[in-house]
Amino acid sequence: EKTTALESLEAERARLAAEAKLAGSKAQQLSAQLAAESAQWQEEKETMRLEVQSAAKSKEANLARVAMMMDETVKRFDGDIKTLHDDIAKLQEALRQSQAACLKAAGEARNMS
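Residues numbered from 1 in each chain as written. Predicted model: local features only at pLDDT ≥ 70, side-chain atom pairs only at ≥ 80, totals over all residues. Heavy atoms only, no water.

### Details of the overall build of the protein
Then, in step 1: Counting its secondary structure elements, the protein contains 1 helix and 0 strands.
Then, in step 2: Seen through its principal axes, the protein has C-alpha atoms that stretch 165 × 15 × 10 Å.
Then, in step 3: Looking at the protein residue by residue over its 113 residues, the buried ones come to 0%.
Then, in step 4: When the accessible surface of the protein is split by element, carbon and sulfur atoms take 62% of a total near 10,300 Å².
Then, in step 5: Each charge class in the protein was averaged separately, 17 positive and 19 negative side chains, and the resulting centres sit 7 Å apart. (Helix = DSSP H or I, 4+ residues; strand = E, 2+ residues; numbered from the N terminus. Buried < 20%, exposed > 50% of the residue type's maximum accessible area, 1.4 Å probe, protein only. Areas by Shrake-Rupley, 256 points an atom, 1.4 Å probe, with all protein chains shown as cover. Lys, Arg positive; Asp, Glu negative; His and termini not counted. Charge placed at Lys NZ, Arg CZ, Asp CG, Glu CD.)

Structure, rendered in structure tokens:
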């Protein structure tokens, strides 16, 4: 009966050892899978970071380009406004000269009559 009990205990120990070996193998497999998934996640995270960084740079470049275009437009409008002021001043001067010539002609016409 001792032999049967020892054989039974030995069989149980062998079964537990096999289960432990299987569990260890499964743990290694899961650990390797976790490491692979973690590496993939890190790679995806880095890719997303680079995409966000690229988008931010692109946005900054677009904003800078828009700001430059606005500055150029403002400068052009300032130039156009100055040209209009100069043209108005010239027209006012021409009008003043024309009015003076009309008054002079009217005065000469009165003197002749």
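Picking up after the structure, the text goes on.
### As for the environment of A61
Then, in step 1: Position of A61 among the secondary structure elements: in helix α1 (residues 2-112).
Then, in step 2: Judged by relative accessible area, which is 36%, A61 ranks as partly exposed.

### Quick notes on the pattern of salt bridges
Then, in step 1: With the rule as written, the count across this model stands at 6 salt bridges.
Then, in step 2: Residues R49 and E46 are paired through a salt bridge, measuring 2.6 Å at the closest nitrogen-oxygen approach. Highlighted residues: R49 and E46, both in helix α1, separated by 3 residues, approximately one helical turn.
Then, in step 3: A relative accessible area of 36% places E46 in the partly exposed class.
Then, in step 4: Between E93 and R96 there is a salt bridge, and its shortest N-O distance comes to 2.5 Å. Highlighted residues: E93 and R96, both in helix α1, separated by 3 residues, approximately one helical turn.
Then, in step 5: Exposure remark for R96: the relative accessible area of 46% places this residue in the partly exposed category.
Then, in step 6: Several salt bridges share partner residues, and in doing so they unite E12, R15 and E19 into one network. (Salt bridge = Lys/Arg side-chain N within 4 Å of Asp/Glu carboxyl O.)

### Overview of the environment of S31
Then, in step 1: If you trace the backbone, S31 turns up in helix α1.
Then, in step 2: Along the chain, S31 and E44 lie 13 residues apart, while their C-alpha atoms are 20 Å from each other.

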